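Each chain, letter by letter, is given below.
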Amino acid sequence: MAGSGLAEPGPAPARDAAMWRAARMGFLHAFPFLLVLAPFAILFGVVATAAGLDILQVMGFSVLVLAGASQFSAVQLMSEHAPVIVVLLSSLAINLRMAMYSASLTPWLGRAPAWQRAVIAFVLIDQSYGMAVQRFEREPRMTMAERVGYLFGLSPVLCLPWVLFTWVGATAGKMIPAEWPLDFAVPITFLALIAPMLRTVAHVVAAAVSVVVALVLSGMPSGTGVLVAGALGMAAGAWVEGRQTRRAAARQLDEGRAE
């Protein structure tokens, strides 16, 4: 990716100032996601306590795992008395998308200090990844300090409320009317993330293939169908992008010969 190896601006004070400016920007940009993240977290607290987990177990999930999709999957399987190995493998399969996120962010953050990359790896979630990648691609001349600062600014707004509202759902879930459709937060969150990223034909094809395959394989054990859909979606997108690149190269070659 272009612009991923820019030098840092001047001495340490300048880098620190740039990081703080980017962190404030990320902090402000993350707030709209609270509208869907809060009910998502409350829903998990309600579901987890209904499945028989106590408050410490529920909070341990949100603090240590910090991944809503795998948390819901694990709780569902546990409520069905699935073997521990099945719960672990299912959660791992769903969270393998984080490996894809890391690979995508490496060109932008690969030269950051190890401790910064470790912190980002722990607090990285779908929302922070989506917002960061869109920002980095729109502004490829951001310095490393600005990229790290932007992610550092996003994370408190997205991660701390997740833990707080999980606690709200776990402690006050019985007071929430059953007719309140809290589960609306799940699809809206991912639609808000994905829609701005569908900028090319390859992106649209990848998303369409993933959706269709995920629906077809919805009967597979929890998480495995989504994993297959993601892999096939990426393969389809890469094929379309490669085909477009070859066509563009051939067109340029023909134009060069014509001249």
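The structure we're discussing is the one just above.
Read on for an overview of the structure. (Residues numbered from 1 in each chain as written. Predicted model: local features only at pLDDT ≥ 70, side-chain atom pairs only at ≥ 80, totals over all residues. Heavy atoms only, no water.)

1. Some details on the nonpolar core
Phe44, Leu109, Phe136, Leu151 and Leu154 are the most contacted members of the largest nonpolar core, which totals 46 residues. Of all elements in the fold, only helix H1 (12-30), helix H2 (34-50), helix H3 (55-65), helix H4 (68-79), helix H6 (97-109), helix H7 (114-123), helix H8 (126-138) and helix H9 (144-172) reach the threshold of two or more residues within this core. Ranked by the residues each element gives to this core, the list is headed by H9, at 11 residues. Apart from residues lying up to four places away in sequence, Phe136 is in contact with Leu105, Trp108, Leu109, Met142, Arg147, Tyr150 and Leu151. (Core = buried A, V, L, I, M, F, W, Y, C linked by side-chain atoms within 4.5 Å. Buried < 20%, exposed > 50% of the residue type's maximum accessible area, 1.4 Å probe, protein only. Helix = DSSP H or I, 4+ residues; strand = E, 2+ residues; numbered from the N terminus. Contact = heavy atoms within 4.5 Å.)

2. Section: a nonpolar patch on the surface
On the surface, Ile85, Val86, Leu89, Leu92, Leu96 and Leu227 cluster together to form a nonpolar patch covering roughly 500 Å² of accessible area. Per-element accounting of the nonpolar patch gives the leading share, 4 residues, to helix H5 (residues 84-95). Mapped onto the elements, Ile85 comes out in helix H5. (Patch = residues over 30% accessible without salt bridge, like charges linked within 9 Å, V, L, I, M, F, W, Y side chains within 5 Å. Areas by Shrake-Rupley, 256 points an atom, 1.4 Å probe, with all protein chains shown as cover. Salt bridge = Lys/Arg side-chain N within 4 Å of Asp/Glu carboxyl O.)

3. Details of the packing of H6 against H8
Their axes nearest at 11 Å, the elements H6 and H8 cross at an angle of 30°. As far as their axial angle goes, H8 and H6 are roughly parallel. Between H6 and H8 lies a crossing of left-handed hand. Residues Arg97, Tyr101, Ser104, Leu105, Trp108 and Leu109 of H6 form the contact with H8, whose participating residues are Asp126, Tyr129, Val133, Phe136 and Glu137. Within the contact of H6 with H8, the residues separate by chemical class into 7 nonpolar, 1 polar and 3 charged. (Axes fitted to C-alpha atoms, helices over the stretch in contact; angles between N-to-C directions. Parallel < 35°, antiparallel > 145°, perpendicular 65-115°, else oblique. Left-handed = near helix turned anticlockwise from the far one by under 90°. Nonpolar A, V, L, I, M, F, W, Y, C, P; charged D, E, K, R; others polar.)

4. Notes on the environment of Gln76
By the secondary structure assignment, Gln76 is in helix H4. Counting along the chain gives 28 residues from Gln76 to Ala48, while the straight-line C-alpha distance between them is 8.4 Å.

5. Focus: the environment of His203
One can find His203 in helix H11 (residues 201-216). Accessibility expressed as a relative area gives 33% for His203, which makes it partly exposed. C-alpha separation for the pair His203 and Met234, spaced 31 residues apart in sequence, amounts to 8.9 Å.

Any link to function would need more than the numbers given here.
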